[in-house]
Structures are given as structure tokens and as C-alpha cells.
Amino acid sequence: MAAREMTGAEIVVKALIDQGVEVIFGYPGGAVLPIYDALFKQNDIEHILVRHEQGAVHAAEGYARSTGKPGVVLVTSGPGATNAVTGLTDALMDSIPLVCLTGQVATHLIGTDAFQECDTVGITRPCTKHNWLVNSADELARVMHESFHVATHGRPGPVVIDIPKNVQFQTAEYRTPAQVSHKTYRPQVKGDMSAINRAVDLIAAAKKPVFYTGGGVINSGPMASQLLRQFVKLTGYPITSTLMGLGAYPAADPQWLGMLGMHGTYEANNAMHDSDLIICVGARFDDRVTGRLDAFAPHSKKIHIDIDASSINKNVHVDVPIIGDCAHVLEDMIRVWKSKVSQPDKSALSTWWKQIETWRGRKSLAYVKSDTSIKPQYAVERLYELTKDRKTFITTEVGQHQMWAAQHYHFEEPNRWMTSGGLGTMGYGLPAAIGTQVAHRDALVIDIAGEASILMNMQEMSTAVQFMLPVKIFILNNEYMGMVRQWQELLHGGRYSHSYSEALPDFVKLAEAYGGHGIRATHPDELDAKIMEMIETPGPVIFDCVVEKMENCFPMIPSGAAHNEMILGDDPEGATVTEAGKMLV
Amino acid sequence: MSEEKSERHVLAVLVDNEAGVLARVVGLFSGRGYNIESLTVAEVDHAEHTSRITVATSGTPMVIAQIKAQLERLVPVHKVVDLTVQAPSVEREMALVKVAGTGEKRVEALRLSDAFRARVIDTTHTSFIFEVTGTPEKIDAFVGLMRGLGLVDVTRTGVVSIARGPEAM
Ligand SMILES: Cc1ncc(C[n+]2csc(CCOP(=O)(O)OP(=O)(O)O)c2C)c(N)n1
Ligand SMILES: [Mg+2]
């Protein structure tokens, strides 16, 4: 019997349901009306109506990052698609699995500069893992299912399916996911055993080893975090992580050195610099992490586990590359480690830990406390203390507050920390919090924000109110684009060119205008009570935390410097920026 | 690292013959700042819908390895072979070369074309079009010689390359 013919729009919705999609983030328009009509007629998929398409993509990212499932976006042609571009680029840089459906003008109009036509596949080609223009409804089911496969397999990433309006009306036969398999895309997940063997030998022989882990461990799934913990415990070695990898290893554990990189801890960066072996798991030797390349960990051998072969030897030459999924490779490593009855070099390790403890003793995250003004670090510390025992998810915007959040909020679990790492997108945090809250209705979801960043996607407060998503926006309000101001102080003689916001809104009134609740704290003494008030408020809250304006974020490796040339908070003269460093971002 | 010498490599890339695949490959080169010295593409298997792209590029060994890994990462790419490393391989390019002139120069052009085994594929009383095939260096040499003999136009296919011996790519 021939299967029932469906319209393209129905095929889209049916494919989403069959892929297990429960929620999509979107914004309607002429070129997607048939799909919206098909959504209207069903109850399996919830649609969250955002207020800007960039918000839809970041919300889908928050959803994906906090659940491990792909996020789904639906936007119209032309401006709907171009508004999504920042979010897609963000997801590509941070390897977040997304399926973004865009409407397109009818096939016979493509190329005529029709109303709301744009070359969506052309524009999004460099900012997606892959994209498709669907020319007929016959291809639609296949492309839909393939797109989920591509987005979620190998190194995850965003994909775009551009669907002309006439294709949404055409009828065709539906095919289930089981009837579709991608012709060629089969990324390698098992690591090469001989490389794993060599790696285990190096790990056992190391005298000053360090684990350097990243977002790949989170992307690989909760099993990878479990295996990482197991292996790190077996070896007794120190571990640090990138911004994207926070939570894969519990921050409360004594082997945890804190985050590394430009605003990483003294102990993490020095351990990297002095190490004789770096075991990189799902991280990519990015410039925020390595600092000056020719001075990066000069005496170390390097093992690099990555699912993406193009990450290997891209910035830093490694001795043992292992291409595969973190969980699979870690599992094999643990097995080989046990079968070889490997033992770390106890005496070397104890010397190494002694050295690390002296670095730790430097207390690089310490800051000068104040009785009169709220220090931003103090605000994050208090927020952490008052929320750590709940099921809490943290998102951030981009700037100093993001780094303070990474330094002073501590994560014990993966998937609890959503931040824009690779692209550094101001405006990410609020929509990401919304997407996270959609996935975890009962959790406490807090966007640690800056007053400048939050204004970039402030409109999404309206989404939070409409869908009763009780996100908490915790603004560290220093009235400055603090991170820009800090660089201007360090690099441009304190000439604060356009980094001060002359006219900020009254955030308490703004919250009320949106139908949320506004809170302001200006004094350290009132902070705890106000944070409690925020937590206990059932709906969305904007918390205007008025903080010290001129505070700088330390420690800091200035651009172009090495890991052991950090600027510390209590010794800001400690390092200088070279002329070559000024050229870098 | 950056002190390493730049080398020329010829890569063969087998891809699905689908819309936009060439744009993906070219976009990757321009977006990441890699060189393209020459690029050719055509369908090689109609039933399988596969095309073969030959790219001649240059870079340090680390850059070449990156280019290969980045190409392999593209979803419609089946296979990438570095023919310069996986040698021995043979390389060919074809050019059509139009030379205009009369008298001594015309005779000399025809004489040289013979030495290069170029074929005359069009002729008028005042011009020839030669078809010449060979390595890029041979074509460079031929075109160079024609320059003094009334060269007016030249078009080249770019290199194609294939490994020697009985094995497939
Ligand atoms: C979309 C976007 N535009 C510009 C920047 C550059 N930028 C990085 S941090 C920053 C300032 C952020 O200010 P704020 O949100 O107040 O955070 P703060 O640093 O003060 O904590 C700017 C402008 C960016 N990261 N993203
Ligand atoms: Mg600010």
C-alpha cells in the first residue's frame, strides 16, 4: 500500500516529531506560514515564540547545551534568516547541535530578488556545519532526518534547511528516520588502539602531568564526564579545563585547579606551562588558552583526544593525536591503564603537587573586599553560596561578568553552564537562559549579565513573561563595557573611548514594564536578602546589582604573553603588553 | 613552525555532485586563507553522482595537513588524497593557445608547436589555435615561447592528477 501523501509542511512537522523534538524556538513570517499552519494542527511539539530570531537560536543553544539534545529553530526567509546568522556562528564555534529551518521564496522566484529573498544557503554556508536547499517535497523527509544525523554526530554543530514556500505546499511521501541513512557521513568515534596504548605509557611515565579538558567532554555526554572523573582519580593527576568545559570535572575536588587561559588561575596556567605532559581531552588549543604560541608549555609532550581531525595540530603540534569521541577513548584508556597495571610515579607526583600547592597558595582569584560597595566577585560568590544547593543552571553574557562567573561560580556537574566561548556573543545569556528553562522548568536558571550585554537581547524578557519562564537576570552593573574599559586601561592609556553607557535604563522599571519583577542592590549588606528575594520570586526577575565600576578582572594573561607571565590582581604591574600583543584580540 | 618551507601539493577530492559543493570547497580555502593555485572539477561517476576536484595548493606541511583535514570534514566530501605525498602520480594540464601573425613568426610558431606536440585545432591565414597538453611547467614553457611570436589569448584547464599503478584513489 502506498503511504499517504503529505504536504511538505506536514512532512517537516512529522519528521520533527519522529526525531523526538519536543520544543522549537521560532518566529513566523510569510515564507514559513504553511509550516506554522501545520504546527497549529498538532499538540506534540511546543513552539516558543521569541522576540528576535537571534534569540531563537541562542535559546535553542541553551536548550541543547543543558540537555544534550539538538535544539530546533524555525524562522522565515530574508531577515528571519539573516537575524539567525549570529546564533548559527555562535553554535558553530562552540559545537552546539542545532537544526535551523528557514523559509525561502518559491523555487521559481529564487534568484529574482523577490520580496524577502536572500541567499540563505550562501550566507550560512560558512557558519553551519552543513546546509541544504530543498528543491522538492520528495527530498524533504530525507533531508530532515539527515540534518539531525549531521548536527548530532561527529563534532556537533548547527545545520540549516532552507525550504521554499512552494515545497511546503507540494505533496510527497513521508519516510521515517529508519528509512533514511546518510550516504557518507560516518565520523570516527573509536580511537586508534595503538595510539591509546602509547598515550597510556606516556601518562604513566609522566612526572609533571596535567589534564587539559574542554567542551568536547560535555558534548560527548554525561558518560564522558563520568569516565573523565574515573581516569583522573586513577592517576591522581591535576586537572584544568577551558571555559567551555566547566562542570565536566567537579570544582570541589582537590585535583581541580580551576579554569585555565587568559583569565584562568595561577595554578592552572603555571601547571600547563611547567608540565612535561598535557593530556588534552576535547579541547582545541584555542588562543584564549595557549597565550603566546611559541612559549606555550615549552617542555611538554602532548596527547590530544578530539573527534574532529582538523583540530589536531591546528595551532599546536601534538605528539599523540587520538581521533575519536571522548567517552569511547577514555573508556579504552582506562581499560588499558588497568590492564597494564600502570602506576604513576609517586615521588615525582608528590613533588609536582607540592609545586602546584605553592602556586595555589598565591590565591590568584583573591580580590580586595569592600564594606561600602559591592565587588562584582563578591556578588558572584554570594550568588554561588545561596544557590549551590539547588538545581541551578548558569548562563552568561560576554565581558568581565562572564569571567567572574567562570572564576567564582563553581560547577559540580556537566551541562549546568552555558556561555558563549568561541564567538563571545554579547546577548547570548538571556535567550540561552530561556532555552535552558524551557528544558528544565523547575530548575533555577540565572543569566549572570552585564548591563551592556543584556540590552542586546533584552526583548526576550517578553518571551520569558509570555511562557512563564522564571529566569533570573543577575546584572553586574558597572555602567561600563567593563571588559572593553579594562583593555583600554591596560592598552590604550586609560582613554575610555565609547565604553561608558551614558544613558542606561532603570532596570527595575524595565522589569516591571515587561511584566516581571525588578530588584536593585547597591550595598553589600543587603545583597544576601535581595538574592533570596530573587530566588523566591516565582516569575522572571531582573536584578540590578550595582557594583564597583572600575574593578578589573584578574588574573589575566595579556594578549601575546606566555602562561607564566600573568598579571595578578594584587600586582597589576606584574606584566606588560608587548607591541606584538597589542595586535591581537 | 611558521619558518617551515611552503610546498606545492596536489589534492584529489572526491565529492557528492550536489549543488553548492564547489562553493563549499572554494569558500573553505578563501575563508581560512589557504592558496588555490589551480582547481578543476567535473563529474566522474554519473550513476554515483560523484565529482572529482583536483586542487593544487601550497603551504607548510602543517597547513597542508590542515587543508586536508578541513576538506575531509565537509559533509559531501567522500575522500581526500594528497597525490604529492601518496605519489608517484602523473599530472596533466591542457591549454588552448591562440597565436596571430604572418611570415617568419607564423612559421616559427608552427615549428615550435610541433616540438611540444601541440595540435593545431583552428587556423586562419593570420592565426592558429594550438591545443597543448602536459605538465603545468611544459605549458608555461610553451606559452612563454609563443609570447614573442604573436600570442593573443590563452586558456588553461588547471591540473588534473592521478596516482600511478593499478589502485583506485
Ligand atoms: C555582539 C558583541 N559586540 C561587541 C563585543 C565586544 N565586547 C566584549 S565584552 C564587551 C563589553 C561588555 O559589557 P557588559 O555587558 O557591561 O559586561 P562587563 O564587561 O561590564 O561585565 C564588548 C563590547 C562582543 N563581545 N559582542
Ligand atoms: Mg558592564
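Relevant structure appears above.
Remember, predicted model here, so these are calculated numbers, not experimental data.

Draft legend 1. Summary view of the overall build of chain B. Each helix and strand in chain B was counted, giving four helices and nine strands. N-terminal to C-terminal, the α/β element order of chain B is β-α-β-β-α-β-β-α-β-β-α-β-β. In terms of principal-axis extent, the alpha carbons of chain B reach across some 55 × 45 × 35 Å. Just so you have it, chain B exposes about 9000 Å², and 54% of that area is on carbon and sulfur atoms. Put simply, chain B has 19 plus and 22 minus side-chain charges, and the middle of one group is 4 Å from the middle of the other.

Draft legend 2. Spotlight on the packing of helix α1 (residues 21–31) of chain B against helix α2 (residues 61–73) of chain B. Residues and elements named next belong to chain B. Packing of α1 against α2 brings their axes to within 11 Å, and their N-to-C directions diverge by 145°. Considering how the two elements wind past one another, α1 and α2 form a crossing that is right-handed. Of the residues in α2, those in contact with Val25, Leu28 and Phe29 of α1 are Ile67, Gln70 and Leu71.

Draft legend 3. Inspection of the sheet that holds strand β4 (residues 71–75) of chain A at higher detail. All names here are of chain A. Judged by pairing direction, the sheet is parallel, and its six strands sit side by side in the order β3-β2-β4-β5-β7-β6 without closing on themselves. Of all the strands in the sheet, just β3 (46–49) and β6 (130–133) have a single pairing partner and so form its edges. Going from strand to strand, the sheet's axes swing by 20° on average, the running direction of each strand aside. One ladder, built from two bridges, connects strand β2 (residues 23–26) with β4; its direction is parallel. Each residue of the ladder has a partner; that of Phe25, found in β4, is Val73.

Draft legend 4. How the structure looks around the site of ligand 1. Residue and element names in this part refer to chain A. Inspection of the region around ligand 1 gives 17 residues, with Gln400, His401, Gly424, Ser453 and Gly482 positioned closest. Here Met426 contributes a backbone N or O atom positioned 3.4 Å from a nitrogen atom of ligand 1. For ligand 1, an oxygen atom lies 2.9 Å from a polar atom in the backbone of Tyr480. Within the complex, 76% of the 590 Å² of free accessible area of ligand 1 lies under protein. Counting residues per element, the ones that place at least two in the shell around ligand 1 are α16 (400–408), α18 (451–454) and α20 (482–491). Residue classes in the shell around ligand 1 are distributed as eight nonpolar, eight polar and one charged.

Draft legend 5. Quick peek at the interface of chain B and chain A. On the chain A side, the residues contacting the 14 residues of chain B number 19 residues. Along the contact surface separating chain B from chain A lie four residue pairs in polar contact (both at pLDDT 80 or more). Going through the elements one at a time, α1 and α2 of chain B are the ones with two or more residues in the side of chain B that touches chain A. Counted by class, the side of chain B that touches chain A contains six nonpolar, four polar and four charged residues.

Draft legend 6. Structural context of the coordination of the magnesium ion (ligand 2). Residue and element names in this part refer to chain A. Only Glu451 (OE), Glu451 (OE), Asn478 (OD1) and Tyr480 (O) from the protein coordinate the magnesium ion (ligand 2), and they sit 2.1 to 2.5 Å from it. Every donor counted, the six donor atoms about the magnesium ion (ligand 2) form angles of 53 to 173° at the centre, which fits irregular coordination. For the magnesium ion (ligand 2), all donor residues lie on one chain, and their spacing in sequence is E-x26-N-x1-Y. On the criterion of sequence distance, the pair formed by Glu451 in helix α18 and Tyr480 in the loop between β18 (472–477) and α20 is long-range, its members being 29 residues apart. The burial state of Glu451 is the same as that of Tyr480; both residues are buried.

Draft legend 7. View of the pattern of salt bridges. The tally for this structure, following the rule as stated, stands at 32 salt bridges over all chains. Two residues, Lys375 of chain A and Glu551 of chain A, come together in a salt bridge whose shortest N-O distance is 3.0 Å. Of this pair, Lys375 of chain A sits in the loop between α14 (346–360) and α15 (376–387) while Glu551 of chain A sits in the loop between β20 (541–546) and α23 (579–582), and the two are 176 residues apart along the sequence. Residue Lys375 of chain A is classed as buried on the basis of its relative accessible area of 9%. A salt bridge links Lys530 of chain A to Glu526 of chain A; the shortest N-O distance between them is 3.0 Å. Of this pair, Lys530 of chain A and Glu526 of chain A both sit in helix α22 (residues 524–536), four residues apart, which is roughly one turn of that helix. One salt-bridge network, in which partners are shared between bridges, spans Arg155 and Asp308 of chain A together with Arg73 of chain B.

Draft legend 8. Local environment of the state of the cysteines. All names here are of chain A. Tallying each qualifying case throughout the model produces zero disulfides over all chains. Just so you know, Cys127 is unpaired, no disulfide at all, and the nearest cysteine sulfur is the one on Cys100, 9.3 Å from it. Accessibility expressed as a relative area gives 5% for Cys127, which makes it buried. Looking at Cys280, it has no disulfide partner, and the nearest cysteine sulfur is the one in Cys326, 8.6 Å off.

Draft legend 9. Main features of the side chain of His47 of chain A. Residue and element names in this part refer to chain A. When you line up the elements, His47 lands in strand β3. Among the polar contacts made by the side chain of His47, one reaches the side chain of Tyr36 at a distance of 2.7 Å. Excluding residues within four positions of it along the chain, His47 makes contact with Ile24, Phe25, Gly26, Tyr27, Tyr36, Leu39 and Phe467.

Draft legend 10. Representation of unusual backbone geometry in the model. Residues and elements named next belong to chain A. Cis rather than trans, the peptide bond between Phe554 and Pro555 has omega equal to -5°. For Pro555, the position within the fold is in the loop between β20 and α23. A positive phi is found at Phe285, a non-glycine position, where the angle reads about 50°. For Phe285, the position within the fold is in the loop between β12 (277–281) and α12 (287–290). The phi torsion at Met468 lies on the positive side, around 50°, for a residue other than glycine. Position of Met468 among the secondary structure elements: in the loop between α19 (460–466) and β18.

Draft legend 11. The arrangement of the packing of helix α11 (residues 266–274) of chain A against α14 of chain A in detail. Residues and elements named next belong to chain A. Remark: α11 packs on α14, axes separated minimally by 8 Å, with the N-to-C direction vectors making an angle of 140°. Viewed along their axes, α11 and α14 adopt a mutual orientation that is oblique. Considering how the two elements wind past one another, α11 and α14 form a crossing that is right-handed. Note on element contacts: α14 touches α11 through Trp352, Ile356, Trp359 and Arg360, opposite Tyr266, Glu267, Asn270, Ala271 and Asp274. Taken together, the residues of the contact of α11 with α14 sort by class into five nonpolar, one polar and three charged.

Draft legend 12. Seen up close, the nonpolar core. Residue and element names in this part refer to chain A. Counting 97 residues, the largest nonpolar core has Ile322, Met333 and Phe474 as its most contacted members. Each of domain 2 (193–360) and domain 3 (376–546) contributes no fewer than three residues to this core. Membership of the second largest hydrophobic core comes to 45 residues, among which are Phe25, Val75, Leu88 and Cys127.

Reading the values: rules and limits
- Residues numbered from 1 in each chain as written.
- Chains lettered and ligands numbered in written order.
- Predicted model: local features only at pLDDT ≥ 70, side-chain atom pairs only at ≥ 80, totals over all residues.
- Heavy atoms only, no water.
- Helix = DSSP H or I, 4+ residues; strand = E, 2+ residues; numbered from the N terminus.
- Areas by Shrake-Rupley, 256 points an atom, 1.4 Å probe, with all protein chains shown as cover.
- Lys, Arg positive; Asp, Glu negative; His and termini not counted.
- Charge placed at Lys NZ, Arg CZ, Asp CG, Glu CD.
- Axes fitted to C-alpha atoms, helices over the stretch in contact; angles between N-to-C directions.
- Left-handed = near helix turned anticlockwise from the far one by under 90°.
- Contact = heavy atoms within 4.5 Å.
- Pairing = 2+ DSSP bridges.
- Near = heavy atom within 4 Å.
- Polar contact = N/O pair within 3.5 Å; in protein donor to acceptor, adjacent residues only side chain to side chain.
- Nonpolar A, V, L, I, M, F, W, Y, C, P; charged D, E, K, R; others polar.
- Donors = N, O, S within 2.8 Å, 3.2 Å for Na, K, Ca; no water.
- Tetrahedral: all angles 85-135°; square planar, octahedral: opposite > 155°, others 65-115°.
- Buried < 20%, exposed > 50% of the residue type's maximum accessible area, 1.4 Å probe, protein only.
- Salt bridge = Lys/Arg side-chain N within 4 Å of Asp/Glu carboxyl O.
- Disulfide = S-S within 2.5 Å.
- Parallel < 35°, antiparallel > 145°, perpendicular 65-115°, else oblique.
- Core = buried A, V, L, I, M, F, W, Y, C linked by side-chain atoms within 4.5 Å.
- Domains from an automatic or database assignment.

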